[in-house]
Structure formats: C-alpha cells, structure tokens
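The lines below spell out each chain.
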Protein chains: 2
Amino acid sequence: MASGLTMDKIVSLARRRGFVFPSSEIYGGLGSSYDYGHYGVLLKENVKARWLEAMVQERDDIVALDSAIILHPRIWEASGHVGGFTDPLVDCRTCKKRFRADHLADEQCGRKPSKRPGETSECDLTEARQFNLMFETRVGPVEETGQRVFLRPETAQGIFVNFKNVAQLARRKPPFGIAQVGKSFRNEITPGNFIFRTLEFEQMEMEFFVPPDQAEQWHEHWMQARMDWYVSLGIDAERLRLRAHDADELSHYSSATSDIEYLYPIGWSELEGIANRGDFDLKQHAEYSGEKLEYFDPNAGERYVPHVIEPSAGVGRTVLALLCDAYDTDEIGGEKRTVLRLSPAVAPVKVAVLPLLRKDGHPEKAREIYLELRKHVSAEYDEGGAIGRRYRRQDEIGTPLAITVDHQTLEDDTVTVRDRDTLAQERVPVSELVARTSTAH
Amino acid sequence: MASGLTMDKIVSLARRRGFVFPSSEIYGGLGSSYDYGHYGVLLKENVKARWLEAMVQERDDIVALDSAIILHPRIWEASGHVGGFTDPLVDCRTCKKRFRADHLADEQCGRKPSKRPGETSECDLTEARQFNLMFETRVGPVEETGQRVFLRPETAQGIFVNFKNVAQLARRKPPFGIAQVGKSFRNEITPGNFIFRTLEFEQMEMEFFVPPDQAEQWHEHWMQARMDWYVSLGIDAERLRLRAHDADELSHYSSATSDIEYLYPIGWSELEGIANRGDFDLKQHAEYSGEKLEYFDPNAGERYVPHVIEPSAGVGRTVLALLCDAYDTDEIGGEKRTVLRLSPAVAPVKVAVLPLLRKDGHPEKAREIYLELRKHVSAEYDEGGAIGRRYRRQDEIGTPLAITVDHQTLEDDTVTVRDRDTLAQERVPVSELVARTSTAH
C-alpha cells in the first residue's frame, strides 16, 4: 500500500480503469450500489476461485452447496432474523434526517453540520424504532394472496437447513464442512465506504460441523487457516489482524467470534468473521421444522447436535483489501507511475503482449503469441500508443508480465519479458512463454 | 441419452447423487425452487467457466461485466418490463385454481381433472388480468417511504445502461460485446419441469453491439457460434436444433429471434435465445435517462445507435441438457450400470483415486497420488466398499477416469487407469498422471 493512500484514490482508480463503478449511473445511481467492470469481474472471479480451491478442491472434508436466495420464510423465523435482525433508527424532527441510534456519535445533524445530533437542543430526535434489515417480497402473482418471503441476508441458513441432507449424500460425519458462495441482501440504513458496505454483496461462507468438545480447537484452526489464505493472495500480513469480539458485540447465535481485520484507508475494519455458532442454528431449525438435525456416532453410541464454526468472508471486502494493498506509486525515469502490485494468483490479466512497433511484422507475430497464450491464461494484446504508455496501462491494472515483440523476435524467436515490480527485462524464447505465464495460475 | 429417458429418472439421479434437490426441503419446500449440491455446484461452475472462456478469455472483442441485481427502477420502465412483462391470468370460480389464459389448453381444471377448463360449463373462468412477473421490494428502511424497486428479470438491462461507460473504459468500438453471468428472478405463475423453469435462475447473457448494417451477419455468426459451444461441451448435435420464432412469438424488442432447442425428455425446448434486439434498448434508455447512447464513427464521420445481437443462455437449462444428454445405462458382467457420459470439460470430478484394498499400504499410496492430483484438478479419494461399487459410484457422477492403486503399484510405481466409457484399463506410470488427468481441463 502506498503511504497516504485514501479511499478516494482507490475509488478513482477503480472508476478510471473500469474495475468498479456506481450502478445505474445514467439514471443518477441507486444508493450504495456498484457494478463490476471487466477487470473487476476478472479479479473477483479469481478471488472466488481461490476460495473454492482452498475450501473445496484442496480438502476432502468440505463439500460445496449453492442454495436459493429466496428460501422458505419460516427459515428466517427459526434463525432469529425476523425477530432480531434490526437496526434502531431515530429521526431528527429538525433536519428530517434519519440516523442509527447506536451510531449517533458518528453522525452529523444535516441542519447544523458543525454539531452532532443530540449534543444540543437544536436536534429533536424521535424515540428509536427497530427496522428489519431483510428485503421483503412476495412469491405468487397477486399482491393480496402472494406469500411473503425475504431475500436472504446471509448464505449460512441455506447451509444449515441442508445439513442432514448433505451429510447423508456426501457420506460425511463431523468434523466436516459445507461451503457456499453467493449473493446476500441487506437493507442497510447507512451503507457506504465504496464497496465495503453495499445493499447487495457476495459472501463466501463455510459452516464446519464438529463434535461439541472439538469446537474450540477448530475455531483456532480456522482463524489461522483463514489468515494464511489472505496472505496467500499476496496481502501484507502486517495489515491483517485478528480481533476477538467483546461480549457485548457478539451476535445472538455466537459464543465467540473473532474478526480478521484489514487496515483499510478508513482504519482497521472487518474483512471476515470467524464465529463459533455453537448448536444454535441446528437446534432452532430442528425445533421449527420438526426434523431431527443430529449426528449419531456409531462408535460412541451417542447422538449429538454438532457445533458449528463459521468463517464468513465478503467478496467485495476482499477485492477492496486487495486493491488497497496492491496500490502503489513510484517513479520511472522521472515519471510518476501508479501500479497495482497484485499477486499473479488474483491479477485480472496475467500477461500482456505488445508489438514494439505497429509495422514491420511486429503486430502479426505479437498476435500469434497472444492467441496461443490466451488459451491458457487471461491475456491482453495492445498495439495502441507508445510502448511506455502501454506498460503504464498494464501496471495500473496489475498485470505481472508484459511481453514485447521487436525486430529481434523475428530473427531469433525470443521476446522481452518485463516484470511489473522489478522492471527487469529478460530475453526469453517464445517456446517457453506458456510455461512462464501459467505457473502462477 | 438413454432411450426412454424420462425427467423422473434425471430428477431421481440428481437427488440421489446430490446434484440438485428441492430447496427448503425440511420446511416442505418452496414452489419450484432448487438447491445445488456438491456435484451440481461443480458441474454448474464448469459450465459458467467454459462460457466465460469462450466469450471473454478467448476473444478480444468482448469484455465482462457484473451489474447489480437491484437496479434503478426507471430502467424497467425504459425497458418495457414495468408495462409489458406480464402474463394474463384467469381464475376458475369452480375449482379456485389459477391458469395462464394463453396456456389454457395445456391445463386441467382441478375440480374436473378429466376436462379442460373452458371446455364445459362446469368451469367458470374470470376475465383475464395482467400480472407482472417482476418481484418487487423496497429500498430504505420504512415501508411507507422506501423506494419501490425490482429484482432484475434479466441481466441484459444492466449491460445496456453501461454501454457507453464500458465502451469508453474498454476502448472498444462496434462490433464489440459485453458479457455477464448472474441471477435473475421471475415470479412465474407456472414454473416447473425440474430446473427448466424456476423462480430464480442464472443467466449467461452477452450483448453484441454492431453497426446497423452488420446486424444480420452477426446474428448468423452467433447462432452458429453458440451451437458449436454446446457441441464443444459434449452435447449430441442430433439433439440440438435452431428454430426461428414466428412473427407472433417475437418479444416487443426483437426483430428476429432464433432459439437453440434441445430435445429434453419433455420434448424440444428452449436452451438459449439468440435475438436481434435492433436499437430498441439503447434508444429507450437514451430517451428515459437523457444520456446519448450512440457511437461516433470517426472514419465515416457518422453517429449511430448500434444494433444489438443477444445470445442469452440459461445455466440451469444447460446443466439439465448436460445431465439428460450424458445419462446412459448399460450392463457390466450382467449387472446394470447407470453412467453419466459427461465430457471432461464439464465433469464435476475429473479423476477418482481408489486403493484396491484397505490395507497393505494401498490407502497410503493412493492418498499420496490423490493429494498431488487435487492440486491440479477436481479429484476424489474413496476407500469405502468393494472396488466395483466404487467404480459405479464414480460412473454415476460422470468421472471420466478412475485410478486404482494395487500391490503392483508399490513395486513398479504404476497404476491402472480405467476409462468410464470404454471400461478399458491401462497401466500408467504415476509420474504421468498429472498430465493425463489435466489435459481435458
């Protein structure tokens, strides 16, 4: 991360290079809603692929699931979301703005921006009311008779209600996990900080079912494993930390939660929560559905309700942390450069192929190389503008390697390979390029 | 496809092996809503990855986008969905059931199942009323003041409203395309046929913007390219066909549409629509947003509104076609076998590693091989039950190759590789296994 990095710089780069931009922009936008452009999609897909590799492909105690977004409404009664997933809101009768009662100290009265609401008699606040954060809609064609349902506020419940089903199908016994990637929706009162908090967001959640007496040791395991994962994506360990929730921060279902926090430009903030959810969810769903959600251990001759350890990560927050962490500026030959030092494991484009000149057979040879490379990795071909400017463009989107085709290429079938970070240029035979660019991913 | 294949057999296999099963099952389900289990997720992810490869990675005239599900509500006025995305419904006063007025001939009165509604005076139908298929919800915490918004019924509009933005950022000029994969939602009156029609579904849509006089030729191009793609996934070309819409079938925005249809057990049905949307969408959004959505061609000195060719595919329908097409039964040594003859390009598991015996060092050696292979491909290790039964299990989920470790492996470091389709068993050195199993994907 560059020193003095601000969120504005990240927002600006994301906009300029088409990673992420405000949604519905030609209609004036829609609250804190964002669309991912080309490089944003590639980066985000890489994050999800690395998570699925680490969680599912490289383990045999975790299976994948993709449950529906609109689930049976009783699920949200059982989970406690219908009753308790609320924010307390107050209205100011003076400035007509709405605030979260529990965040008043962070907010400012719209009428008197120099004062904080509640500080002076100028602000006239209503009593706090509880507002549910779930989006509601109706299934069935008629408003009057349609069934009231909710957009899921977390993917986790879709996992809990499938616990028994999946355990049988996958022939698994605790400890084992179910992993899911998908969108969730929260009608947040105060979304903000770019893609840190948005109305709709992608989650990567894994529920790990364990014998009750192993819960603590697995909680420890997952805290470490998840920290290691962020480091494996290239994030600086110095800007990651684990923070245990205080008793008054804990969710209703949790006996212990630690957050993995990243040092964003807005300060240390949650990247992932790792909760010990105990047997809360399975017991609730057993009660509300009438289905036994237990495991019978034939060796011990015992029946028990597994406890659950849940590492719950945000895709958008991971993308934001990667952009912040990779953002850097330096100087090349007296010229300022912005560069994203993204790991090849997540970089949207792995290699760019550039003809030195737009003539003398350079473009033809460069395209030939590009067409071969793109069968294996995400690659780009660019012949527009001076070579220095094309390097800068790739630096800004975090492309680790740039291949340049020049007159020598046509003589000895070698190219220069430029390293984004060291700026070293190495002469490499064309025949070695596939291996060279595919090793990272 | 096995002769005499029924949808019930597919539903049963999908349930039994955990590809797809009813959602919210412990609560009695929720209409036509399904969850994808482990193998279903892996198969589905492969479909989407192959689409993104073909559309984005292996072309340089198409870029990726991921727009929000909840867009500015004016977008759906401009697109015609608020006014026209409706089904005509009638109620039967006798049996109290609801029917689509345009599908009456296919439906049966609940009271008199042997008669069709409308055929006799026993059925007393109301006048048809128009019901919008979009799910509605509200953004903002308070029911009374929240902004009415919709869950997108197609991903396409998120592309159109970003046309100018993306063209500039990606430095593209027509012909070029924008590709998007994501969930859409339709409050269908009569969902059904397993995952063929569901309330929420994933789409793979690409909008290809072209100069108006090239629209027809690009329409032709995409019909062929998309047919080829399905064949590349291993689907039998004999069970694919192109069918041009009659004039009275065309959507309000389309001047010509052809469907790629697959011969499902329920008959020829739509797999993908390839529409010539003309300039309808860009003109509508230009009018409603006040933004010019045009392209200025500097060579011709002309300004024009590009026309759009749209290949729009369903992920669920592709998964269903793959399952139907791959489903087969045969006999091995007098025993009946169910086998999914899935292409390695989409198979959920590429290779299974099986110790012949559960002793004599077989499991240790087999796990060593498995741990190496899973770094590269989706692999499974299985030591439970007789070897024949383990082969059958892999056959049913479509695993192309099964590696067996036996006593000879410990002597000469070779294994047997069994081919799912030919049943041929070949002796292969362990050192060649990574290359052998990774070639397909």
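The structure this text deals with has already been given above.
*Asks:* Could you give an account of the relation of the copies chain A and chain B, with specific residues and numbers?
*Replies:* Rotating chain A by 180° about the axis while translating it 0.0 Å along that axis superimposes it on chain B, leaving an RMSD of 0.0 Å. Taken together, the rotation and translation relating the two chain copies correspond to the operation of a two-fold axis. Relative to the rotation axis, the C-alpha of Thr-137 of chain A is the closest in chain A, positioned 2.6 Å from it. A share of 99% of the interface residues of chain A reappears at the interface of chain B, consistent with the copies meeting face to face through the same patch.

*Asks:* Describe in detail the pairing of strand S19 (residues 351-355) of chain B, supporting the description with residues and values.
*Replies:* Looking down a regular strand, the side chains alternate between one sheet face and the other. Residue and element names in this part refer to chain B. The buried count for S19 comes to 5 of 5 residues, which makes it a mostly enclosed element. Residues Val-351, Val-353 and Pro-355 line one face of S19 and the alternating positions Ala-352 and Leu-354 line the opposite face, and both faces are buried. The sheet contact formed by S19 and strand S20 (residues 379-381) spans 3 bridges and is parallel. Looking at the pairing, Val-353 lines up with Tyr-381 of S20. For the crossover that starts at S19, traverses helix H10 (residues 362-373) and ends in the parallel S20, the hand is right-handed. Across 5 bridges, the pairing between S19 and strand S21 (residues 401-405) is parallel. Residue pairing for S21: Val-351 is matched across the bridge by Leu-401.

*Asks:* I'd like to hear about the pairing of strand S4 (residues 86-91) of chain B, residue by residue, with values.
*Replies:* All names here are of chain B. For S4, a buried count of 5 out of 6 residues is recorded, marking the element as mostly surrounded by other parts of the structure. Pairing geometry for S4 and strand S5 (residues 98-100), over 3 bridges, is antiparallel. Counterpart to Leu-89 in the pairing with S5 is Arg-100. Linking S4 to S5, which pair antiparallel, is a turn of 6 residues; within it Lys-96 sits at a positive phi near 65°.

*Asks:* Can you explain the environment of Arg-138 of chain B? Please cite residues and give values.
*Replies:* All names here are of chain B. Of note, Arg-138 is situated in strand S7 (residues 136-139). Given a relative accessible area of 32%, Arg-138 falls into the partly exposed group. Remark: the alpha-carbon pair of Arg-138 and Ser-255, spanning 117 residues in sequence, is separated by 34 Å.

*Asks:* Give me the sheet that holds strand S4 (residues 86-91) of chain A: which residues, what numbers.
*Replies:* Residue and element names in this part refer to chain A. Taking strand neighbours across the sheet as the criterion, the 3 strands line up as S5-S4-S6 in an open arrangement whose pairing is antiparallel. Unpaired on one side and paired on the other, strand S5 (98-100) and strand S6 (129-132) mark the two borders of the sheet. Sheet twist, expressed as the average angle between the axes of neighbouring strands with direction ignored, equals 45°.

*Asks:* An account of the packing of helix H2 (residues 38-57) of chain A against helix H9 (residues 315-326) of chain A is needed here, citing residue identities and associated values.
*Replies:* All names here are of chain A. Relative orientation of the contacting elements H2 and H9 amounts to 115°, with a least axis distance of 10 Å. As summarised for this structure, H2 and H9 are arranged roughly perpendicular, according to the angle between their axes. Of the two possible hands of crossing, H2 and H9 adopt the one that is right-handed. For the pair H2 and H9, the contacting residues are Leu-43, Lys-44, Val-47 and Lys-48 in the first and Val-315, Thr-318, Val-319, Leu-322 and Leu-323 in the second. Classifying every residue of the contact of H2 with H9 by side-chain character gives 6 nonpolar, 1 polar and 2 charged.

*Asks:* Lay out unusual backbone geometry with the relevant residues and their values.
*Replies:* Residue and element names in this part refer to chain A. Cis peptide bonds are those with omega within 30 degrees of zero, and the linkage from Pro-174 to Pro-175 qualifies with 0°. Locating Pro-175 in the fold gives a position in the loop between helix H6 (163-169) and strand S9 (176-185). In this structure, Asn-193 takes a positive phi of about 55° despite not being glycine. Mapping Asn-193 onto the fold places it in the loop between S9 and strand S10 (200-210). A positive phi angle, near 60°, is found at Asp-360, a position not held by glycine. Structurally, the position occupied by Asp-360 is in the loop between strand S19 (351-355) and helix H10 (362-373). Judged by its relative accessible area of 52%, Asp-360 is exposed.

*Asks:* Give a detailed account of empty space enclosed by the protein, specifying residues and quantitative values.
*Replies:* It is the rolling of a water-molecule-sized probe over the atoms that shows where space remains empty. All names here are of chain B. Within this structure, the stated rule accounts for 3 cavities of 30 Å³ or more. Taken as a whole, the largest cavity holds about 200 Å³ of empty space. Tyr-34, Tyr-36, Thr-198, Glu-200 and Phe-201 are, among the 16 residues lining the largest cavity, the residues nearest its centre. Of all the secondary structure elements, the ones that give two or more residues to the lining of the largest cavity are strand S2 (34-36) and strand S10 (200-210). For the lining of the largest cavity, the leading source of residues is S10, giving 3 residues. A class-by-class count of the residues in the lining of the largest cavity yields 6 nonpolar, 5 polar and 5 charged.

*Asks:* How would you sum up the interface of chain A and chain B? Please name residues and give values.
*Replies:* Listed by partner, the interface residues are 82 residues for chain A and 81 residues for chain B. Summed over both sides, the interface of chain A with chain B buries roughly 6,500 Å², with 55% coming from carbon and sulfur. Here chain A is connected to chain B by 7 salt bridges. Measuring nitrogen to oxygen at the nearest pair gives 3.7 Å for the salt bridge that ties Asp-382 of chain B to Arg-171 of chain A. At the junction of chain A with chain B, the criterion picks out 38 residue pairs in polar contact (both at pLDDT 80 or more). A class-by-class count of the residues in the side of chain A that touches chain B yields 37 nonpolar, 21 polar and 24 charged.

*Asks:* Account for the sheet that holds strand S22 (residues 414-419) of chain B, with residues named and values stated.
*Replies:* All names here are of chain B. In spatial order, the strands read S20-S19-S21-S22-S23; together these 5 strands make up an open sheet with mixed pairing. Across the chains shown, the open sheet's two edge strands, defined by having one partner strand only, are S20 and strand S23 (425-429). Each adjacent strand pair in this sheet contributes to an overall mean axis angle of 25°, direction not counted. Sheet analysis places S22 next to S23, joined by 5 bridges and oriented antiparallel. By the bridge assignment for S23, Thr-414 is matched with Pro-429.

*Asks:* If you had to explain the side chain of His-81 of chain B to someone new, which residues and values would you point to?
*Replies:* Residues and elements named next belong to chain B. Looking at the secondary structure, you find His-81 in helix H4 (residues 81-84). Residue His-81 is classed as buried on the basis of its relative accessible area of 4%. At a separation of 2.6 Å, a polar atom in the side chain of His-81 contacts the side chain of Ser-79. Apart from the residues within four sequence positions on either side, His-81 is in contact with Trp-76, Asn-132, Met-134, Pro-153, Glu-154 and Gln-157.

*Asks:* Outline the packing of aromatic side chains, listing residues and values.
*Replies:* Pairs of aromatic rings are described using the distance from one ring centre to the other and the angle between the two planes. Overall, the coordinates contain 26 aromatic pairs over all chains when judged by the stated rule. Between Phe-163 of chain A and Phe-176 of chain A the ring centres are 6.1 Å apart and the planes differ by 25°, which places this aromatic pair in the stacked class. Highlighted residues: Phe-163 of chain A in helix H6 and Phe-176 of chain A in strand S9, separated in sequence by 13 residues. Aromatic side chains Tyr-370 of chain B and Tyr-381 of chain B sit 6.0 Å apart centroid to centroid with 40° between the ring planes, which places their arrangement in the tilted category. A residue pair is termed long-range when its members are at least 10 positions apart, and Tyr-370 of chain B in helix H10 and Tyr-381 of chain B in strand S20 qualify at 11 residues. Here Tyr-370 of chain B and Tyr-381 of chain B have matching classes, each one buried. An aromatic cluster is present here, built from Phe-160, Phe-163, Phe-176 and Phe-209 of chain A joined pairwise through their rings.

*Asks:* Describe in detail the nonpolar core, supporting the description with residues and values.
*Replies:* In this structure, Phe-19, Trp-222 and Leu-320 of chain A together with Phe-19, Trp-222 and Leu-320 of chain B are the most contacted members of the largest nonpolar core, which totals 118 residues. Not counting residues up to four positions away in its chain, the partners in contact with Trp-222 of chain A are Met-55, Arg-59, Ile-62, Met-206, Phe-208, Ile-274, Ile-309 and Pro-311 of chain A.

*Asks:* Summarise the environment of Pro-22 of chain A; cite the residues concerned and give the values.
*Replies:* All names here are of chain A. Position of Pro-22 among the secondary structure elements: in strand S1 (residues 20-22). In this structure Pro-22 comes out as partly exposed when scored by relative accessible area, which is 30%. The spatial distance from the C-alpha of Pro-22 to the C-alpha of Thr-94 is 31 Å, given a sequence separation of 72 residues. Leaving out residues up to four positions away in the same chain, Pro-22 has contacts with Arg-15, Ser-33, Tyr-34 and Asp-35.

Quick notes on the rules
- Numbering of residues starts from 1 in every chain and runs along the sequence as written.
- Lettering for chains starts from A, numbering for ligands starts from 1, and both go in the order in which the items are written.
- Owing to the predicted nature of the model, reporting of local features is limited to residues with pLDDT of at least 70; listing and counting of side-chain atom pairs is limited to 80 or more, with chain, interface and lining totals taken over all residues.
- As a rule here, side-chain values come from all non-hydrogen atoms in the structure, and water together with hydrogens is ignored.
- When the copies are superposed, the least-squares fit takes in the C-alpha atoms of residues with a pLDDT of at least 70 in both.
- Residue contacts are defined here by distance: any two heavy atoms, one from each residue, within 4.5 Å place the two residues in contact.
- Per-residue accessibility, obtained with a 1.4 Å probe over protein chains only, is compared with the maximum for each type, and a residue is labelled buried under 20%, exposed over 50%, and partly exposed between these values.
- The helix count covers DSSP runs of H or I at least four residues long, the strand count covers runs of E at least two residues long, and both are numbered beginning at the N terminus.
- Two strands pair under a simple rule: DSSP has to find at least two bridges between them.
- By convention, orient the strands away from the viewer: a clockwise path from the first strand over the helix to the second makes the crossover right-handed.
- Note on geometry: axes are lines fitted to C-alpha atoms, helical ones only across the stretch in contact, with angles between N-to-C directions running from 0 to 180 degrees.
- The labels follow the angle: roughly parallel below 35 degrees, roughly antiparallel above 145, roughly perpendicular from 65 to 115, and oblique for the rest.
- Working rule for handedness: look at the near helix, and if it is turned counterclockwise from the far one by less than a right angle, call the crossing left-handed; if clockwise, right-handed.
- Residue classes follow a fixed rule: Ala, Val, Leu, Ile, Met, Phe, Trp, Tyr, Cys and Pro count as nonpolar, while Asp, Glu, Lys and Arg count as charged, and any other residue, Gly among them, counts as polar.
- Cavity means a closed set of points on a 1 Å grid over the protein atoms alone, one where a 1.4 Å probe fits but cannot get out, pocket means an open set with protein on both sides within 12 Å along at least 5 of 7 lines, and lining means a residue has an atom within 4 Å of a point.
- Grid points are joined across faces, edges and corners, and a volume is the space filled by probe spheres set on the points.
- Once two parts are put together, the accessible area they lose, assessed with a 1.4 Å probe and summed over both, is termed the buried area.
- Any carboxyl oxygen of Asp or Glu that lies within 4 Å of a side-chain nitrogen of Lys or Arg is treated as forming a salt bridge with it.
- In the analysis that follows, any N or O atom pair within 3.5 Å is treated as a polar contact, provided that within protein one partner can donate a hydrogen and the other can accept it, and provided that, for residues neighboring in sequence, both atoms belong to side chains.
- For Phe, Tyr and Trp, where Trp contributes only its six-membered ring, two rings pair if their centres lie within 6.5 Å, and the inter-plane angle classes them as stacked under 30 degrees, edge-to-face over 60, or tilted in between.
- Residues grouped as a nonpolar core are buried Ala, Val, Leu, Ile, Met, Phe, Trp, Tyr and Cys residues, joined through side-chain atoms within 4.5 Å.

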